[in-house]
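# Examining the three-dimensional arrangement
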Amino acid sequence: MRAAMAEAEGAGLSCGGSAQLLVQPASDLPDELWDQIKAGRPVVLASMIRADGQPGAGAVVVRADGSTAGTLGSAALDASAAEAGSQLLTTDRRSRERIEINGGTLLLDKVVPRTRVLVVGAGELAEALTDLTRALGWSIEVVADDQAAIDAAEVLGPADSLVVTTHHPVIGPAVLWAALQSEAGYIGALGARGTQTSRAETLRELGASDEQIASIHGPIGLDLGGRNAAETALAICAEILAVRSGRVLPGLREGSGSINR
């Protein structure tokens, strides 16, 4: 019994129990799976376990728009995978689903790309964000060069977040404008409410709509009452996590008055 518990804990099952392992050759999976992961887009991989416990034929990849690639061997199974996969992609934290169907089990696994943060600017806050994002297992890139920041913002994907810390009246809006035309999952900008108003005016001159401007999280971060760089970094990362998880929580942009009360 102790040996079995040790094996279970070694496999990550801290409470013991049992696990069924599905092994699929990578060559059997649709190429679209790797393409979507490379592009930083969340997808669902649908596979089948037959009634005899053996893997079913093929697999289906469900994209965020509901379209699919691959097949499970029948139109009915493919349709079930598309419907259940689309629902799973719209949930917040749930990553797996099991559906008993046709005497077998339809397995759905949500593949969410690693969160990446692009910080434009430098200084103490950028350093605090670097420490915190790494502790969270995210990746981070800090860019201070003007053109490099714009180039990086233009190619942000759904799993990417932009944090503008620079208060430069031209570079800040230029980077935000580039990000607004990308697929960035989160766009935020540091600064007081007056700074946000000035940026919004510049963005309108660049061609941004009111809807695009409203999508920017500025002042950036959740309203946690943070004062120093580490606390501000925590508020920013918390807001990024909330947005990625589909949670609606009060941010500083929803408030009024000073952001450092």
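Everything here concerns the structure above.
A brief look at the structure comes next.

## Points about the pattern of salt bridges
Inspection of every chain in the model, using the stated rule, returns 7 salt bridges. With a closest N to O distance of 3.3 Å, Arg116 and Asp160 form a salt bridge. Of this pair, Arg116 sits in strand β6 (residues 116–120) while Asp160 sits in strand β8 (residues 160–164), placing them 44 residues apart in sequence. On the basis of relative accessible area, Arg116 is assigned to the partly exposed category, the value being 23%. Here Arg204 ties to Asp210 by a salt bridge, and the two come within 2.9 Å at their closest N and O atoms. Within this structure, Arg116, Glu141 and Asp160 form a network of salt bridges that share partners.

## What to know about the pairing of strand β1 (residues 43–49)
β1 sits mainly inside the fold: 7 of its 7 residues count as buried. Burial of the side chains of β1 extends over both faces: Val43, Leu45, Ser47 and Ile49 are buried on one face and Val44, Ala46 and Met48 on the other. Pairing geometry for β1 and strand β5 (residues 104–111), over 7 bridges, is antiparallel. Residue pairing for β5: Leu45 is matched across the bridge by Asp109.

## Things to note about the sheet that holds strand β9 (residues 186–189)
A sheet is described by the order of its strands in space; here 4 strands give the open sequence β7-β6-β8-β9, paired in parallel fashion. Edge positions in the sheet fall to β7 (139–143) and β9, since each has one partner strand and no second. Shown here is a sheet whose adjacent strand axes are inclined to one another by a mean of 15°, direction ignored. By the bridge criterion, 4 bridges tie β8 to β9 in an arrangement that is parallel. Within the sheet, the bridge partner assigned to Val164 lies in β9 and is Ala189. Contacts between helix α5 (residues 146–154) and the sheet are confined to β6 and β7, with β6 contributing the most and set at about 150° to the helix. Packing against the sheet, helix α6 (residues 171–180) makes contact with β6, β8 and β9, and its axis sits at approximately 165° to β8.

## Focus on the nonpolar core
Formed by 26 residues in total, the largest nonpolar core has its most connected members in Leu118, Leu162, Val175, Leu176, Ile187 and Leu203. Sorting the residues of this core by element identifies β6, α5, β8, α6, β9 and α7 (193–206) as the ones contributing at least two each. Looking at which element gives the most residues to this core, the answer is α6, with 8 residues. By size, the runner-up hydrophobic cluster in this structure holds 16 residues, among which are Ala126, Val163, Ala229 and Ala233.

## Thoughts on the sheet that holds β1
As a general point, the strands of a sheet are linked pairwise by backbone hydrogen bonds and lie either parallel or antiparallel. Read from one edge of the open sheet, 5 strands run β3-β2-β1-β5-β4, paired in antiparallel fashion. Across the chains shown, the open sheet's two edge strands, defined by having one partner strand only, are β3 (68–71) and β4 (96–101). Direction aside, the axes of adjacent strands within the sheet are offset by 15° on average. Pairing geometry for β4 and β5, over 6 bridges, is antiparallel. Counted as the bridge partner of Ile99 is Leu106 from β5. The strands that helix α2 (residues 31–38) touches are β1, β2 (59–62), β3 and β5; relative to β1, the one it contacts most, it runs at about 150°.

Analysis parameters
- Residues numbered from 1 in each chain as written.
- Predicted model: local features only at pLDDT ≥ 70, side-chain atom pairs only at ≥ 80, totals over all residues.
- Heavy atoms only, no water.
- Salt bridge = Lys/Arg side-chain N within 4 Å of Asp/Glu carboxyl O.
- Helix = DSSP H or I, 4+ residues; strand = E, 2+ residues; numbered from the N terminus.
- Buried < 20%, exposed > 50% of the residue type's maximum accessible area, 1.4 Å probe, protein only.
- Pairing = 2+ DSSP bridges.
- Axes fitted to C-alpha atoms, helices over the stretch in contact; angles between N-to-C directions.
- Contact = heavy atoms within 4.5 Å.
- Core = buried A, V, L, I, M, F, W, Y, C linked by side-chain atoms within 4.5 Å.

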